[in-house]
Amino acid sequence: MRSSYREEDVVLLLKDITGLVEPLPAAQRERQIQSGRHYCEMLPLEYSPTAPYLAAYEAALEAYAEPVADAVSVLAEQLMGQKGPEMVLVSLARAGIPVGILLKRYLRQFYGVDAPHYAISIIRGRGIDHNAMGYLLARYDGAQLQFVDGWTGKGAILRELQKEMEKYPDVSDELAVLADPAAVTNLCGTYEDLLIPSSCLNSTVSGLLSRTFLRADLIGPDDFHGAVCYEELREGDLSYAFIDAITAKFVPPGKGGAPVRPQHSGVAEVQRIAQHFQVRDINLIKPGIGETTRVLLRRVPWKILLRRDIEKSVMVQHLLRLAEEKQVPVEYYPLQNYCACGIIKTMSDI
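Remember, predicted model here, so these are calculated numbers, not experimental data.

1. Some words on the overall build of the protein chain
Here's step 1: Within the protein chain, the regular secondary structure consists of nine helices and 14 strands.
Here's step 2: For the protein chain, the C-alpha atoms occupy an extent of roughly 50 × 50 × 40 Å along the three principal directions.
Here's step 3: By residue count, 58% of the 350 residues in the protein chain fall in the buried class.
Here's step 4: Partitioning the intrachain contacts of the protein chain with sequence separation of at least 6 by distance along the chain shows that 80% fall at a separation of at least 24.
Here's step 5: Accessible area of the protein chain: about 14200 Å², with a carbon and sulfur share of 48%.
Here's step 6: Distance from the positive charge centre (37 side chains) to the negative charge centre (44 side chains) of the protein chain: 5 Å.

2. Description of the layout of surface pockets
Here's step 1: By volume, the largest pocket is sized at about 470 Å³.
Here's step 2: Forming the boundary of the largest pocket are 24 residues, of which Gln34, Asp281, Asn283, Leu284 and Thr346 lie nearest the centre.
Here's step 3: Of all the elements in the fold, those that place two or more residues in the lining of the largest pocket are helix H1 (26-34) and strand E14 (340-344).
Here's step 4: Per-element accounting of the lining of the largest pocket gives the leading share, three residues, to H1.
Here's step 5: Looking at the lining of the largest pocket residue by residue, the classes come out as eight nonpolar, seven polar and nine charged.
Here's step 6: Looking at the second largest pocket, its volume works out to about 250 Å³.
Here's step 7: What lines the second largest pocket is a set of 16 residues, among which Tyr47, Ser48, Pro49, Leu297 and Leu322 lie closest to the centre.
Here's step 8: Here the element with the most residues in the lining of the second largest pocket is helix H9 (residues 317-326); it accounts for three residues.
Here's step 9: Taken together, the residues that form the lining of the second largest pocket break down as eight nonpolar, five polar and three charged.

3. Here's the deal with the pairing of strand E12 (residues 301-306)
Here's step 1: Burial analysis of E12 places five of its six residues in the buried class, the great majority of the element.
Here's step 2: As paired elements, E12 and strand E13 (residues 330-332) share three bridges and run parallel to each other. Following the sheet pairing, leucine 305 is matched in E13 by glutamate 331.
Here's step 3: In the classification by handedness, the crossover that spans E12, the intervening H9 and the parallel E13 is right-handed.

4. Remarks on the sheet that holds E13
Here's step 1: Strand order in this open sheet of four strands is E11-E14-E12-E13, and the pairing throughout is mixed. Of all strands in the sheet, those with a lone pairing partner are strand E11 (285-287) and E13, marking the two edges. Averaged over all pairs of adjacent strands, the angle between their axes in this sheet comes to 20°, without regard to strand direction.
Here's step 2: Across three bridges, E11 lies against E14 in antiparallel orientation. Bridging from a neighbouring strand, proline 287 pairs with cysteine 341 of E14.

5. Concerning the environment of leucine 194
Here's step 1: Position of leucine 194 relative to the elements: it lies in the loop between strand E9 (188-190) and strand E10 (226-227).
Here's step 2: A C-alpha to C-alpha distance of 18 Å links leucine 194 and glutamine 263, two positions 69 residues apart in sequence.
Here's step 3: Apart from residues no more than four positions distant in its own chain, leucine 194 is found in contact with Tyr64, Pro67, Val68, Ala71 and Ala179.

6. What to know about the side chain of threonine 204
Here's step 1: Looking at where threonine 204 falls in the secondary structure, it is placed in the loop between E9 and E10.
Here's step 2: Filtering out sequence-adjacent residues up to four positions away, threonine 204 remains in contact with Leu233, Gly236, Asp237, Leu238 and Ser239.

7. Quick notes on the environment of alanine 179
Here's step 1: Inspection of the secondary structure puts alanine 179 in strand E8 (residues 175-179).
Here's step 2: A residue is classified by how much of its surface remains accessible, and alanine 179, at 1% relative accessible area, is buried.
Here's step 3: Through-space distance from the C-alpha of alanine 179 to that of glutamine 162 is 19 Å; in sequence the pair is 17 residues apart.

8. A short note on the nonpolar core
Here's step 1: Judged by nonpolar contacts, the single largest core of 66 residues is most densely connected at Ile97, Leu103, Phe242 and Ile246.
Here's step 2: Among the secondary structure elements, those contributing two or more residues to this core are helix H2 (51-82), helix H3 (96-111), strand E7 (145-151), E8, helix H6 (239-247), helix H8 (289-298), E12 and H9.
Here's step 3: Take this core: its biggest share by element is 14 residues, from H2.

9. What about the sheet that holds strand E1 (residues 11-12)?
Here's step 1: Ordered in space as E1-E4-E3-E7-E8-E9, the six strands form an open sheet in which the pairing is parallel. If you trace the sheet from one side to the other, it starts and ends with E1 and E9, each paired once.
Here's step 2: With four bridges connecting them, strand E3 (residues 88-92) and E7 associate as parallel partners. Within E7, the position partnered with serine 91 by the bridge is valine 148.

10. Looking at H9
Within an α-helix, residues lying three or four positions from one another point in the same direction, as the helix has 3.6 residues per turn.
Here's step 1: Looking at H9, one finds that the buried residues are His318, Leu319, Leu322 and Ala323. An end-on view of H9 places all buried positions within 135° of arc, on one side of the element.
Here's step 2: The inward-facing, buried residues of H9 contact H2, H8, E12, E13 and E14.
Here's step 3: Downstream of H9 by a residue or two, glutamine 327 has a phi angle that is positive, lying close to 55°.

Thresholds applied
Residues numbered from 1 in each chain as written. Predicted model: local features only at pLDDT ≥ 70, side-chain atom pairs only at ≥ 80, totals over all residues. Heavy atoms only, no water. Helix = DSSP H or I, 4+ residues; strand = E, 2+ residues; numbered from the N terminus. Buried < 20%, exposed > 50% of the residue type's maximum accessible area, 1.4 Å probe, protein only. Contact = heavy atoms within 4.5 Å. Areas by Shrake-Rupley, 256 points an atom, 1.4 Å probe, with all protein chains shown as cover. Lys, Arg positive; Asp, Glu negative; His and termini not counted. Charge placed at Lys NZ, Arg CZ, Asp CG, Glu CD. 1 Å grid on protein atoms, 1.4 Å probe; cavity = no way out; pocket = protein on both sides within 12 Å on 5 of 7 lines; lining within 4 Å. Points joined across faces, edges and corners; volume = space filled by probe spheres on them. Nonpolar A, V, L, I, M, F, W, Y, C, P; charged D, E, K, R; others polar. Pairing = 2+ DSSP bridges. Right-handed = clockwise from strand over helix to strand, strands pointing away. Axes fitted to C-alpha atoms, helices over the stretch in contact; angles between N-to-C directions. Core = buried A, V, L, I, M, F, W, Y, C linked by side-chain atoms within 4.5 Å. Arc of directions from axis to C-beta.

That is the geometry; function is a separate question.
Next up, the structure:
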């Protein structure tokens, strides 16, 4: 699989389908998703960010490199305590890959552990890539595998993972993430809705990789799930600039152990939002800074919710910039677990 990542950082268990799928504009893709077509059968058209948006990203990276590095430290310490030096990092493509690379670098720098790192696909409603799982289990003991992702929204991917791991009793279904505002996992760097700057961009901070793809005409029964490399965006590729900025802020382990899991559930908050705004399909509600960013970048938003106390924070300036560029209304709302939430337009409104 082509990408701008080096194999020493991650081995991509993906089939390269570059040039075989025509990416679709957001509105066209949204209509098809809401008409019943699965999102994994299409790819979004990706654009180079505008100069003002890129400036907002750079400001976010400068402001949040240190808290993200701290979250990497906290998470790495938990993983060493639970898995030990024999762990194998298995990132969920694509948001998990930068986090997996950061963990790999941290483990090497502070623990002297060179953890193997792979990326595989899992798709909500379609499951994990069983060919990729077979590849890993032919090489490692199931207990060594540790799944990694960037952050949680409603916890849908974790639930998908838990369901799929019933087929692999030797493999843990725990998901390690940097930020878990949904409060659904025990392995996280923080339970705060932390801005992870890699969420601000698409492929240009993810090794030029698309999100993963699964369609029977291109992905055969023995193939890994597919992905595209957006070679045309190489000039604006910031994948390693992001990783290097976080790595530069690494501190030794021992910042206070695992964070305390909050009592209130992110899923319950999403249900309250759905009731308040009369949104019948909960899948149209995407809570958390990372998910809200995704809504603005590759879906058709109806509105963005922000917590009033963070209006001036650099953490949400990229959201405000995108909302302005796309003429999406921003509403201030008393969010609890999350700093932001994106609500997707229903098909009849598009």
